[in-house]
Amino acid sequence: MTEIEQIDRLREELHLHNYRYYILNSPTVSDQEFDHLMCELQELEARHPEHYDGNSPSLRVGSDINKDFRQVEHHYPMLSLGNTYSEAEVADFYERIRKSLNEDFEICCEMKFDGTSISLIYEDGKLVQAVTRGDGVRGDDVTDNVKTIRSIPLVLHGEGYPTRFEIRGEILMPWTVFERLNSEREQREEPLFANPRNAASGTLKLQNSAVVAERKLDAYLYYLLGPELPTDGHYENMQEAARWGFKVSDTMRKANNLQEVMDFIHYWDVERKKLPVATDGIVLKVNSLRQQRHLGYTAKSPRWAIAYKFQAEQALTRLLKVTYQVGRTGIVTPVANLQPVQLSGTVVRRASLHNADIIASLDLHVGDSVYVEKGGEIIPKITGVDTSLRPTDSEPIGFISVCPECGSPLVRYEDEAAHYCTNDTSCPPQIKGRIEHFISRRAMNIEGLGPETVDQFFQEGLIHDVADLYALKIEDICQLDRMGEKSATNILQGIERSKEVPFERVLFALGIRFVGETVAKKLVKAFRNIDTLASASFEALTAIDEIGEKIAQSILAYFSNEQNQELVGRLRTSGVCMEASAEMGNSCTDRLSGQSIVISGVFAHHSRDEYKALIERHGGKNAGSISRKTSFILAGDNMGPSKLEKAKSLCIPIVSEDDFLQMIQED
Ligand code: IVH
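Description of the structure in this document. Here the structure is a predicted model, which means the values were calculated and not measured.

Comments concerning the pairing of strand β10 (residues 279–286)
Regular strands have side chains that alternate between both faces of the sheet.
Here is step 1: Of all the 8 residues making up β10, 8 are buried; the element is thus mostly covered by neighbouring parts of the structure.
Here is step 2: Alignment of strand β3 (residues 107–113) against β10, held across 7 bridges, turns out to be antiparallel. When the bridges of β10 are listed, glutamate 110 appears paired with valine 283.
Here is step 3: Bridging between β10 and strand β11 (residues 305–309) involves 5 bridges; their strand directions are antiparallel. In the sheet register, glycine 281 faces β11, and the bridge partner there is lysine 309.

And the structure:
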């Protein structure tokens, strides 16, 4: 067998294993064997770039090429469904259909999956395009990301599928994946996703399909469109689609009368909690396509279908009191303390109240009986008050006027809903929050230190601000509770290493309001060092692309504060980097213009992300995989053997890290 034939055989075999694993739930090979076959295919494909196939199973692992999404017009607009919230409205729908059709009909009952909708186009049995709903008329082409979803077939099975058709469905993040992702994000101190729907749609829009591949999305298909479908029945067509390799929910049923529809609703209202993915209702569709055409559409939705939305789970409980939390930036968040109550399988004790406006709009009183809802969000919210149960002498809840932690007066800025504690220099949670932010992974990345240690050091009076970290001595730390010499040494080494963190991350770590990672990079590029930045005028700041008045004001306020000036001075004296490195932040050149560069291996001077940025800044393009178009490979240590071989076979030059830095050095 030639290598080309081997590639074809492996592709076919891996498509089949995917289908058995992700659709039929009955794999015939172990994960290890699967990985082995995949590895074999990737190696062979690397040797034969001329035999590229846009639907190869190897594309499931994604690529780290960045791309902006192209907007594509839908062949048929993606409409929404009319919503109903009561069984009476379902009965009205059924009656309307009966009168309009005036003949026998069947209703297909399905779960309403709560994810993000997708339209997939297949031609000659191959996935050619995947487009998001967008505004219903045009959406984003997310084909590369969708290709990483294992339950979406790249190549169809069986026969009888139309030459060209569209199939629509829902992309979902299973509960287990969602929970794992959020707990990882929590550890990395990244913002959490509120629910699996947001997580799925956020993931689908990521620029890097390799990250999408890691997120393990799933998809259910529920709507087939095209001029030549196999049968007149929607249900029957979906069963056909399942035979071609699509994941079609086996919860679908046909109902012959209203009672059967209601039975389906009642059954799944309870049973849906056992499903691996989020659902928020039931979709009812007239089954016959001929009858669907007869019923037609309104401007927004089909007359032949309707969604029945489940009531979000609610519980009635008592509001004991409202407490207030102070965050790193001084934002004061009210939290409802509740009489513990069982809701969707967990005990709820607290609910977020967000801000003063929410409290006022609910007209909350102490001792009120309140409705709490989970509705797919992780933090429950209060949705209403049963005023008939209000104790007669109860007081309305007014927002506090002083900080619960330090007693300073609170302020509310114009156009903002939040209250702030303005004592940013000595309010304990603000100090601790700022230190926690400073040491976090994306900022100074001080390993060995975490929120608990920061709290301990603060309580012991060892640190009051971030500069104190650099004055810590081994003997100060060693004597603390639960602190061995080894952990103490680790912490000090972590602190020492943070002196190498580049200036843009130091600037982000300072925690200046509105100065996130992107803004910090822009500032470093423009001002190069802390002194120039600290003395920059409002005009100079706002002249920078994407730096608006709000950010500029915040920077000016930060550097005009004497305590901040002193803090920056102490950090600098300790050896923390306060200026742009020679390469980073250099103004743009066109030295790499027209060059397509692949990064591979491990580097000594900069991270991969920094090299990507450097390539772009000097006019080059960073590509994810080696091809004939690759100009050269920027290679660190341990470059993968298959990449090395591929580079050799295509005669692509390999440039070392040092040579590369030389290449982009200014004269
Ligand atoms: S059918 C023309 N079936 O609900 C009707 N939609 O509000 C096409 N959805 O955008 C949609 N589960 O994202 C259909 N079993 C199901 C569904 C479903 C969830 C979503 C879909 C659509 C929205 C309609």
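Observations regarding the pattern of salt bridges
Here is step 1: Throughout the structure, instances matching the rule amount to 32 salt bridges.
Here is step 2: Salt-bridge contacts for glutamate 416 lead to arginine 513; the nearest nitrogen and oxygen are separated by 3.0 Å. On the criterion of sequence distance, the pair formed by glutamate 416 in the loop between β17 (410–411) and β18 (419–421) and arginine 513 in the loop between α16 (503–509) and α17 (517–527) is long-range, its members being 97 residues apart.
Here is step 3: Residue aspartate 531 pairs with arginine 572 through a salt bridge whose shortest N-O separation is 2.7 Å. Taken together, the residues span a long stretch of sequence, with aspartate 531 in helix α18 (residues 530–534) and arginine 572 in helix α21 (residues 562–574) at a distance of 41 residues.

Notes on the site of the ligand
Here is step 1: Neighbouring the ligand are 13 residues; Glu110, Met111, Phe113, Glu170 and Tyr222 lie closest to it.
Here is step 2: With respect to the ligand, the side chain of lysine 112 contributes an N or O atom lying 3.3 Å from an oxygen atom.
Here is step 3: Here an oxygen atom of the ligand and a side-chain polar atom of serine 117 are 3.4 Å apart.
Here is step 4: Breaking the shell around the ligand down by element, the ones donating at least two residues are β3, β8 (218–225) and β10.
Here is step 5: Across the shell around the ligand, the residue classes break down as 7 nonpolar, 2 polar and 4 charged.

Focus: helix α3 (residues 87–101)
Here is step 1: Between the first and last C-alpha of α3 there are 21 Å, a value that for 15 residues agrees with the 21 Å anticipated at 1.5 Å per step.
Here is step 2: Within α3, burial applies to Val90, Phe93, Tyr94, Ile97 and Leu101. The buried side chains of α3 occupy one side of the element, clustering within an arc of 95° when seen end-on. Residues of α3 that are exposed and point over 90 degrees away from its buried face: Ala88 and Lys99.

Concerning helix α6 (residues 196–204)
Here is step 1: Those residues of α6 that fall on the buried side of the exposure criterion are Pro196, Ala199, Ala200, Thr203 and Leu204. One face of α6 carries all of its buried residues, which in axial projection span an arc of 125°.

As for the environment of glutamate 12
Here is step 1: Relative to the helices and strands, glutamate 12 resides in helix α1 (residues 3–23).
Here is step 2: Accessibility expressed as a relative area gives 61% for glutamate 12, which makes it exposed.
Here is step 3: Each C-alpha atom of the pair glutamate 12 and alanine 418 lies 57 Å from the other, and the pair is 406 residues apart in sequence.

So, the sheet that holds strand β4 (residues 116–123)
Here is step 1: Sheet architecture is open: 4 strands sit in the order β5-β4-β7-β8, paired in antiparallel fashion. The strands lining the two open edges of the sheet, one partner per strand, are β5 (126–132) and β8. Pairwise comparison of adjacent strand axes, ignoring direction, gives a mean angle of 30° for this sheet.
Here is step 2: As judged from the 6 bridges shared by β4 and β5, these two strands associate in the antiparallel manner. Directly across from isoleucine 118, in β5, lies its bridge partner threonine 132.
Here is step 3: Packed on one face of the sheet, α6 meets β4, β5 and β7 (164–172) and runs near 45° to β4.

Things to note about the side chain of arginine 11
Here is step 1: Among the structural elements, arginine 11 can be located in helix α1.
Here is step 2: Within polar-contact distance, the side chain of arginine 11 engages the backbone oxygen of histidine 51 at 2.9 Å.
Here is step 3: If we skip the residues at most four places from it in the chain, arginine 11 touches Leu41, Glu45, His51, Tyr52, Asp53, Ser56 and Pro57.

Description of the environment of leucine 127
Here is step 1: Within the secondary structure, leucine 127 is located in strand β5.
Here is step 2: The buried category is assigned to leucine 127, whose relative accessible area is 1%.
Here is step 3: Sequence-wise, leucine 127 and serine 352 are 225 residues apart; in three dimensions their C-alpha atoms are separated by 44 Å.
Here is step 4: In this structure leucine 127 touches Asn55, Leu120, Ile121, Tyr122, Val146, Lys147, Ile152, Pro153 and Leu154, once residues within four positions along its chain are discounted.

Concerning the packing of aromatic side chains
Here is step 1: According to the stated counting rule, one finds 21 aromatic pairs in the structure shown.
Here is step 2: On the basis of an interplanar angle of 50° and a centroid distance of 6.3 Å, the ring pair of phenylalanine 264 and tryptophan 268 is categorised as tilted. Taken together, the residues span about one helical turn, with phenylalanine 264 and tryptophan 268 both in helix α9 (residues 258–271) at a distance of 4 residues.
Here is step 3: Judged by relative accessible area, phenylalanine 264 falls into the buried class, the value being 6%.
Here is step 4: Judged by its relative accessible area of 12%, tryptophan 268 falls in the buried class.
Here is step 5: For the pair phenylalanine 603 and tyrosine 611, a centre-to-centre distance of 4.9 Å together with 50° between the ring planes defines the contact as tilted. The exposure classification of phenylalanine 603 matches that of tyrosine 611, with both residues buried.
Here is step 6: Chaining the aromatic ring pairs together yields one cluster made of Tyr122, Tyr161, Phe165, Trp244 and Phe246.
Here is step 7: Above the plane of the ring of phenylalanine 514 lies lysine 550, whose end atom (NZ or CZ) is 4.5 Å from the centre.

What counts and how
Residues numbered from 1 in each chain as written. Predicted model: local features only at pLDDT ≥ 70, side-chain atom pairs only at ≥ 80, totals over all residues. Heavy atoms only, no water. Buried < 20%, exposed > 50% of the residue type's maximum accessible area, 1.4 Å probe, protein only. Helix = DSSP H or I, 4+ residues; strand = E, 2+ residues; numbered from the N terminus. Pairing = 2+ DSSP bridges. Salt bridge = Lys/Arg side-chain N within 4 Å of Asp/Glu carboxyl O. Near = heavy atom within 4 Å. Polar contact = N/O pair within 3.5 Å; in protein donor to acceptor, adjacent residues only side chain to side chain. Nonpolar A, V, L, I, M, F, W, Y, C, P; charged D, E, K, R; others polar. Expected span 1.5 Å × (residues − 1). Arc of directions from axis to C-beta. Axes fitted to C-alpha atoms, helices over the stretch in contact; angles between N-to-C directions. Contact = heavy atoms within 4.5 Å. Phe/Tyr/Trp six-rings, centres within 6.5 Å; stacked < 30°, edge-to-face > 60°. Lys NZ or Arg CZ within 6 Å of the ring centre and 35° of its normal.

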